[in-house]
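Each chain, written out:
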Amino acid sequence: MTEYELDAVDREILYALQEEARNLSSGEIAERTDASSSTVRKRIQRLESEGVIKGYSANIDYTKSGYPIRMLLFCTAPIPERGDYIEEILDIPGVVSVQELVTGEENLLVTAVVKNDRGITPIAQELSDMGLTITDEVLVRSHESTSFDEFSAE
């Protein structure tokens with residue numbers, strides 16, 4: 001698969017969608033990009049079909065939704081197989097993300113959210129049962145993110 005070449009309009013569309021995908025119309029995005037609304041809709045469809053936009057999701061405050069514990073579990077898997085574990089890990093209740101790491105001993109970073117500290121043990125056990133070694137567990141106090149500013153024209 002070749003890398004999709006983003007132009008200024010594509011980048012501005014991506015920036016706008018990162019900021020507020022749910023509440024922005026194609027017309028509002030068009031105003032930001034100096035493109036027509038139909039051009040914006042076509043560009044979004046192309047970005048989706050090219051896999052640049054992988055999907056849309058809600059940014060959830062897990063603490064306010066009753067899951068105040070966020071843990072990072074650093075795992076080690078055999079290097080040639082580390083990517084093979086991702087889908088199975090994502091099927092574990094409480095796991096919200098998996099990152100494949102390419103440097104250091106740890107090569108998978110699993111993020112899990114649970115209601116209380118007792119919820120971590122079953123997740124850790126499932127990871128262990130898969131043959132992964134958990135090398136570190138980190139309790140996260142807070143997590144914030146922002147839009148990638150390289151997509152903004154400003």
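Residues numbered from 1 in each chain as written. Predicted model: local features only at pLDDT ≥ 70, side-chain atom pairs only at ≥ 80, totals over all residues. Heavy atoms only, no water.

1. Side note on a negative patch on the surface
- A grouping of Glu87, Glu88, Asp91, Glu126 and Asp129 is seen on the molecular surface, where their side chains present a negatively charged patch.
- Sorting the residues of the negative patch by element identifies helix H4 (86–90) and helix H5 (120–129) as the ones contributing at least two each.
- Inspection of the secondary structure assignment puts Asp91 in the loop between H4 and strand E2 (95–100).
- Overall, Asp91 belongs to the exposed group, its relative accessible area being 62%. (Patch = residues over 30% accessible without salt bridge, like charges linked within 9 Å, V, L, I, M, F, W, Y side chains within 5 Å. Areas by Shrake-Rupley, 256 points an atom, 1.4 Å probe, with all protein chains shown as cover. Salt bridge = Lys/Arg side-chain N within 4 Å of Asp/Glu carboxyl O. Lys, Arg positive; Asp, Glu negative; His and termini not counted. Charge placed at Lys NZ, Arg CZ, Asp CG, Glu CD. Helix = DSSP H or I, 4+ residues; strand = E, 2+ residues; numbered from the N terminus. Buried < 20%, exposed > 50% of the residue type's maximum accessible area, 1.4 Å probe, protein only.)

2. Some thoughts on the pattern of salt bridges
- Per the stated rule, a full pass over the model turns up 4 salt bridges.
- Of the charged contacts, one joins Glu100 and Arg82 as a salt bridge, the two residues approaching to 2.9 Å between their closest N and O atoms. In this pair, Glu100 sits in strand E2 while Arg82 sits in the loop between strand E1 (69–76) and H4, placing the two residues 18 residues apart along the sequence.
- Ionic contacts of the salt-bridge type, sharing partners, join the residues Asp7, Asp10 and Arg43 into one network.

3. Points about the packing of helix H1 (residues 8–20) against helix H2 (residues 26–33)
- Their axes nearest at 10 Å, the elements H1 and H2 cross at an angle of 130°. In terms of their interaxial angle, H1 and H2 are classed as oblique. You can see that H1 and H2 cross each other, and the crossing is right-handed. Within the contact between the two elements, H1 uses Val9, Glu12, Ile13, Ala16, Leu17 and Glu19 and H2 uses Ile29, Arg32 and Thr33.
- Taken together, the residues that form the contact of H1 with H2 break down as 5 nonpolar, 1 polar and 3 charged. (Axes fitted to C-alpha atoms, helices over the stretch in contact; angles between N-to-C directions. Parallel < 35°, antiparallel > 145°, perpendicular 65-115°, else oblique. Left-handed = near helix turned anticlockwise from the far one by under 90°. Contact = heavy atoms within 4.5 Å. Nonpolar A, V, L, I, M, F, W, Y, C, P; charged D, E, K, R; others polar.)

4. Brief notes about the domain arrangement of the protein
- Domain parsing of the protein yields domain 1 (8–50) and domain 2 (62–140).
- The C-alpha-based centres of domain 1 and domain 2 are spaced at 34 Å. (Domains from an automatic or database assignment.)

5. Considering the layout of surface pockets
- Of the pockets and cavities examined, the largest pocket occupies roughly 1,600 Å³.
- Taken together, 38 residues form the lining of the largest pocket, with Ser57, Ala58, Asn59, Ile60 and Ser145 sitting closest to its centre.
- Those elements that provide at least two residues to the lining of the largest pocket are H1, E1 and E2.
- For the lining of the largest pocket, the element with the highest residue contribution is H1, accounting for 5 residues. (1 Å grid on protein atoms, 1.4 Å probe; cavity = no way out; pocket = protein on both sides within 12 Å on 5 of 7 lines; lining within 4 Å. Points joined across faces, edges and corners; volume = space filled by probe spheres on them.)

6. Overview of the sheet that holds E2
- Across the sheet, 4 strands lie side by side as E2-E3-E1-E4; this open sheet has antiparallel pairing. At either margin of the open sheet sits one strand with a lone partner, and together these are E2 and strand E4 (133–140). Going from strand to strand, the sheet's axes swing by 20° on average, the running direction of each strand aside.
- As defined by bridge partners, E1 adjoins strand E3 (residues 108–114) across 7 bridges and the pair is classed as antiparallel. Bridging from a neighbouring strand, Arg70 pairs with Val113 of E3. (Pairing = 2+ DSSP bridges.)

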